[in-house]
Amino acid sequence: MGRALMDCSDVYSEATQNARVVEVPLSHVSIEVGHFLMTDLDNGIDKISAQFQRMVPLVDAFTAAAHAQFGQSARVSTCFLVDDYFRYGTNPGLILGKVLGTAEECGLTIDYLAREAGCAQTLSLGPDGQPSAGINLAELVAARLVPEPARESTGQRPPVHEGGWLCNGERSSTAAEPAQAMRPKPYRPPVEFGRRDHSVFLDIEMWSDTNDPMYGEKKWSCPFLATVWQLLRLGMLRHRGVPVVEQREWTFRDEWPDRWWDMPSVIKLNPRAKPFAAYRALSILPRAYIGVEHSVQLILDHLALDAEVTDKIVERGANEKVKVPREASARLEYMFLDGF
Amino acid sequence: MGLPGDPLIVLGEVRTCLLPHSSSLSYSALSDTVTVEGLLLALVPGHSVYYKERPVPLAISPASYVGVDCRLATASLTQVRAIGTVATNTMVVGGRVLQGSAYTSVVRATGELRAHRRPWSHYLSRPGATEIVSKGGNPDDLAAGYLADPSLDTLDLASISHRLLERIRADLSMDKKPPLPGIESTRLRWAATIGDVAAPHVRFHLETPTLRSVRLTLTDERELAAAQRFCEDLAVHDWLLTTIGTVIDQAKRFPTLAYDVRGRQLLAPALECLAHLWMPGAHTPQPLRSLWELLQLDPGFDREWMSSVAHVRDRIAIANVGVTIDW
């Protein structure tokens, strides 16, 4: 049931009737080339160098695979996300000098650099280059959450919302009900809604309340910001129909601001790079991120994303002979690396 | 009709009430603290509101969704289970009238897993649809079951649309001083199917003083997609008729109306706030505008409205004459 037929008069119409969805340029594949905790970046370069060295042949192999699948003109771009949300006090110049310098030494091309805090809130740069607060991306995504209903959910009762938590089933009895001292009920384990024979129950903290002025009212969790990040890479987010981040080219490689939040969410480092967003987003990450990415998949599967944006991406894919699934989570691929 | 994935039936409910605010809201104005756009975007930030200024301002919020997994009401009491999402929109008409609309397009589940619940992402990639995963699901049986009083353990669009309205009405930016006190909200429950008819057909029934049911039998998918907007438009006009009737009844409580200022205090705001909103079919999509012609013949919507408005004007005029005489 779309709103397409709301009023389709060819005699009279108004501009505000149907807001248009602006498309973003798309690559075939976006490759995320590794990830570090800020503490790793703050120390020596050994860890960075080791991970980047392993990355180079993998990026080559996945690029070759993209060419094999989509043809020699397939567009592939690389990106790297800096964790500046939980460690905002660090110095961008020091960190980026180290990361980008090491990448260059290892022969790894990073086309786009993104900030994790930029997935919570974008920055809007005026024509004079002055930064101001932009769109609250995390809030925008959180508003699209549709919890999965338990059986016999008729709509009579509002969906159970455990402030800031999302799960894929019914929580265990002790979690949901206050202890009744007089008549203790037997423990009922949690149940996954979509289980086959047994459950894999996952309960994710998407945000916590905080009084820290640096975060506003909510401190978003790593899985939630990673969800926003993946949605950006898939070209799925719009604010009133307009893309939420513009990939600003950064021409002064050595001149970084003193504070992370004076930088845009996504920066284009390589002027010849193919588009940032892609039909498919591949992440090559240390094994430690399996839990985070499992959570990302679950959060994505509970979002009612803009159907018009999906329609357009699926349609564009079809024009290029790329079959794009409608489910955003089905457009993510992973490779997890041992030893980091 | 009949292809897998085609809707068997669309079920919906629209609630209509007066915005709890003393003045008429403008769509978006820098100087006003409360605007229609602000109210509607509070529910779904970052999206665009559908807005049409003419002939009567209409603003529709972006859709939001509620997950359901339950039985659908049937007249035959056949057990039919459906899983999916109900779509909801809120609307403001003429800066005065607030509507909450909940609807779902019922389809038959397809594929190997058609008797099972699929991963939740499957349902969210087709928002606003519910899939029948059991046997049964005759469209006429579903329509009859839903439009008769559906039992509590079946799909409950009434509660969903009620919660939607309450969320907006609770918005603190409105002053909670509506110009017409004691006006109830009305409910319009509707079901639309494609049937063996030459032209779209509507059956409109007053169930109780505040509940109406509408059964639409349509000729094709295009008309089915327009059904929801038609029902929302119909609900606004039914509410206007109900409300002006209520106001006239309230004024009748003052027997010497001609000299009673209280009677005029009821009637004048009704005329001022509501009279210009009467525009049947103005916001109905083209494929279903012909349905209004049926309703103009029986019960004769325009006739009833004009007679009511004329009645209110006469009473105010008489009251004014009375005041003049009093002087």
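In case you missed it, the structure is sitting above this.
The text that follows walks through the structure, step by step, so that each part is easy to find.

The rules behind the values
Residues numbered from 1 in each chain as written. Chains lettered and ligands numbered in written order. Predicted model: local features only at pLDDT ≥ 70, side-chain atom pairs only at ≥ 80, totals over all residues. Heavy atoms only, no water. Helix = DSSP H or I, 4+ residues; strand = E, 2+ residues; numbered from the N terminus. Expected span 1.5 Å × (residues − 1). Bend = angle between axes of the 7 residues up to and from the residue. Buried < 20%, exposed > 50% of the residue type's maximum accessible area, 1.4 Å probe, protein only. Polar contact = N/O pair within 3.5 Å; in protein donor to acceptor, adjacent residues only side chain to side chain. Axes fitted to C-alpha atoms, helices over the stretch in contact; angles between N-to-C directions. Parallel < 35°, antiparallel > 145°, perpendicular 65-115°, else oblique. Left-handed = near helix turned anticlockwise from the far one by under 90°. Contact = heavy atoms within 4.5 Å. Nonpolar A, V, L, I, M, F, W, Y, C, P; charged D, E, K, R; others polar. 1 Å grid on protein atoms, 1.4 Å probe; cavity = no way out; pocket = protein on both sides within 12 Å on 5 of 7 lines; lining within 4 Å. Points joined across faces, edges and corners; volume = space filled by probe spheres on them.

**Re helix α5 (residues 221-252) of chain B**
Residue and element names in this part refer to chain B.
Inference 1: Between the first and last C-alpha of α5 there are 47 Å, a value that for 32 residues agrees with the 46 Å anticipated at 1.5 Å per step.
Inference 2: At Ala-227, α5 shows its largest kink, close to 40°.
Inference 3: When you tally the buried positions in α5, you get 24 out of 32 residues, the bulk of the element.
Inference 4: For α5, the N-terminal cap is Asp-220; the gap from its side-chain oxygen to the backbone nitrogen of Arg-222 is 3.3 Å.

**Thoughts on the packing of α5 of chain B against helix α6 (residues 261-274) of chain B**
Residue and element names in this part refer to chain B.
Inference 1: The contact between α5 and α6 brings their axes to 8 Å, and the two run at 165°. When the axes of α5 and α6 are compared, the pair comes out roughly antiparallel. Both α5 and α6 take part in a crossing whose hand is left-handed. Residues Trp-239, Leu-240, Thr-243, Val-247, Ile-248, Gln-250 and Ala-251 of α5 touch α6, and the partners they reach there are Gly-263, Leu-266, Leu-267, Ala-270 and Leu-274.
Inference 2: A breakdown of the residues in the contact of α5 with α6 according to their chemical character gives 9 nonpolar, 3 polar and no charged.

**Let's talk about empty space enclosed by the protein**
Inference 1: Counted according to the given criterion, the structure contains 7 cavities of 30 Å³ or more.
Inference 2: Taken as a whole, the largest cavity spans an internal volume of roughly 150 Å³.
Inference 3: Looking at the largest cavity, it is lined by 14 residues, and the ones nearest its centre are Leu-303, Leu-305 and Arg-326 of chain A together with Leu-124 and Ser-125 of chain B.
Inference 4: Only α9 (307-319) of chain A together with α2 (120-124) of chain B provide two or more residues apiece to the lining of the largest cavity.
Inference 5: Looking at side-chain class alone, the lining of the largest cavity contains 7 nonpolar, 4 polar and 3 charged residues.

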